[in-house]
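Coordinate inspection notes
Take a look at the letters that make up each chain.
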Amino acid sequence: MAELRRTELFDLHVELGAKMVPFAGYEMPVQYPAGVMKEHLHCRAAAGLFDVSHMGQVILRAKDGTYETAARALERLMPVSVLALAEGRQRYGLFTNDTGGILDDLMFANRGDHLFLVVNAACKEADIAHLRAHLSDTCDITELTDRALIALQGPSAEAALAPIAAGVADMRFMDVLTAPTAFGELWISRSGYTGEDGFEISVPADQAVAFTRALLEHGDVEPVGLGARDSLRLEAGLCLYGNDIDTTTTPVEGDLTWAIQKVRRTGGDRAGGFPGADVILPQLDNGAPRKRVGLLPEGRAPMRAGTQIFANDTDADPIGTVTSGAFGPSIERPMSMGYVTTEHAAIGTTVYGEVRGKRLPATVADLPFRPSTYKR
């Protein structure tokens, strides 16, 4: 067993009473003394602070110094328009493999003469190796190991961050900003993974504790662990890599077609040219055999990951599987996501999940389960 790594905030988590658990090779806080339910609701009502320093931060810079070269290079690895992304803006992306499966999902930002990528913790070594294997002919790929990453989410996030970093109040969803502060240069995006307005902030590692303490001094900010982060993202209908999407699911099956711009689709000016295009492009045109959907189980019992889904309460063969499930504190009911055959994916369809040997009904529901509150 490899030794677990620790983020710059480990000692602060312990000081704040966090319960630490292994996650993606790190010791991470799953909850604080308030508990998952209160942390979740506090993030929705005020502001939650998350340590996401375990995630990978990467600079992609073209050897010729131009954004265009770096953007065209990155487009060789994913079915997303990088070239058209305006400076000071961020976008969601997907690395795909030759069979159309998803290697990872990520965020990338246009920072003028280079790209800044944030990738998932469990995939970061593989992602960086993937980038270097395929793009080193035209680009330099630099993993940043001297910066921490903090997410500040909720309706009070702006009020907490604005006194520290000038300009954040003017940002809109998916804007990025570089701000000089008392805690060094902060790289800020107005984004997150809770469905709430908020920010993700890259901070110099040696300033991470002081910066986090400064945010926590604001009366509306409380620390939030992985437990509530999971229920928050599930209410927001957002995928967790390794659960809801992976190398066996295509972006079309994962209901992520919104992330693939027309210019990269059949007939577009830069159609194809990415791994798995021969699978993904036909699915975009003709549909996929299965689809990720939201599920609202009847009653109070959540249908957890791995629950098999059936078309009725008697069929022997399942039509799909739950990939994420939990109780939604904000919607006050259980919620799940999973895959079903396309013929059973219509909103309002009743399906059945097998829970402890019993077939229990659930309704296919639109996502997100709770409307997002991004600042547009």
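Above this text is the structure in question.
Residues numbered from 1 in each chain as written. Predicted model: local features only at pLDDT ≥ 70, side-chain atom pairs only at ≥ 80, totals over all residues. Heavy atoms only, no water.

Now for the pattern of salt bridges. Inspection of every chain in the model, using the stated rule, returns 20 salt bridges. The salt bridge involving R6 is made with E27; its shortest N-O contact spans 2.8 Å. With a gap of 21 residues between them, R6 in the segment before helix 1 (10-15) and E27 in strand 2 (residues 26-31) connect regions that are remote in the sequence. The partner of R190 in a salt bridge is D197, and the shortest N-O contact between them spans 2.7 Å. Accessibility assignment for this pair places R190 and D197 in one class, buried. (Salt bridge = Lys/Arg side-chain N within 4 Å of Asp/Glu carboxyl O. Helix = DSSP H or I, 4+ residues; strand = E, 2+ residues; numbered from the N terminus. Buried < 20%, exposed > 50% of the residue type's maximum accessible area, 1.4 Å probe, protein only.)

Under the defined criterion, the tally for this structure stands at zero disulfides. Cysteine C123 remains unbridged, with the sulfur of C239 as its closest cysteine sulfur at 13 Å. (Disulfide = S-S within 2.5 Å.)

Once that is clear, we can look at the packing of aromatic side chains. One pass over the structure, following the stated rule, counts four aromatic pairs. Judged by centre distance (5.2 Å) and plane angle (80 degrees), the rings of F116 and W187 are edge-to-face. Remark: W187 occurs in strand 11 (residues 184-189) and F116 occurs in strand 7 (residues 115-119); sequence separation between them is 71 residues. Each member of the pair, F116 as well as W187, is classed as buried. Between the aromatic rings of F173 and Y374, the centroid separation amounts to 4.0 Å while the plane-to-plane angle is 10 degrees, which identifies the pairing as stacked. Here F173 is found in the loop between helix 5 (157-161) and strand 10 (176-181), whereas its partner Y374 is found in the segment after strand 19 (358-365), with 201 residues between them in sequence. Taking relative accessible area as the criterion, F173 reaches 16% and is therefore assigned buried. Sitting over the ring of F50, R229 keeps its end group 5.5 Å from the ring centre. (Phe/Tyr/Trp six-rings, centres within 6.5 Å; stacked < 30°, edge-to-face > 60°. Lys NZ or Arg CZ within 6 Å of the ring centre and 35° of its normal.)

Looking now at the side chain of Q153. Checked against the element boundaries, Q153 lands in strand 9 (residues 147-153). For Q153, a relative accessible area of 0% puts it in the buried group.

Right, let's get into the sheet that holds strand 6 (residues 102-110). Read across the open sheet, the five strands follow the order 5-6-7-4-8; overall the sheet is antiparallel. The open sheet has two edge strands, strand 5 (90-96) and strand 8 (139-143), and neither has a second partner. Across the sheet, the mean angle separating the axes of adjacent strands is 30 degrees when strand polarity is ignored. When strand 5 meets strand 6, the two strands line up antiparallel, connected through seven bridges. (Pairing = 2+ DSSP bridges. Axes fitted to C-alpha atoms, helices over the stretch in contact; angles between N-to-C directions.)

Counting residues in hydrophobic clusters, the biggest one holds 25 residues, and the most contacted among them are L152, L161, I188 and F211. Those elements that provide at least two residues to this core are strand 3 (47-51), strand 9, helix 5, strand 11, strand 12 (198-204) and helix 6 (208-216). Here L161 is in contact with L152, V168, I188, F199, I201, F211 and L215, once residues within four sequence places are set aside. Residues L77, V80, L131 and L135 belong to the second largest nonpolar core, which totals 24 residues. (Core = buried A, V, L, I, M, F, W, Y, C linked by side-chain atoms within 4.5 Å. Contact = heavy atoms within 4.5 Å.)

Taken together, the six strands give a closed barrel; going around it, the order is 14-17-16-15-18-19, and neighbouring strands pair in antiparallel fashion. Strand-to-strand twist of the sheet, defined as the mean angle between neighbouring strand axes without regard to direction, takes the value 45 degrees. Summarising the sheet, strand 18 (residues 350-355) and strand 19 pair through six bridges and their orientation is antiparallel. Across the sheet, residue G353 finds its bridge partner in strand 19, namely L360. Relative to strand 16 (residues 320-328), helix 7 (residues 226-235) is tilted by about 115 degrees, and along the sheet it contacts strand 16 and strand 17 (333-341).

In terms of burial, helix 7 is a largely internal element, eight of the ten residues being buried. The complete set of buried residues in helix 7 reads L226, A228, R229, S231, L232, R233, L234 and E235. One or two residues past the end of helix 7 sits G237, with phi positive at roughly 70 degrees.

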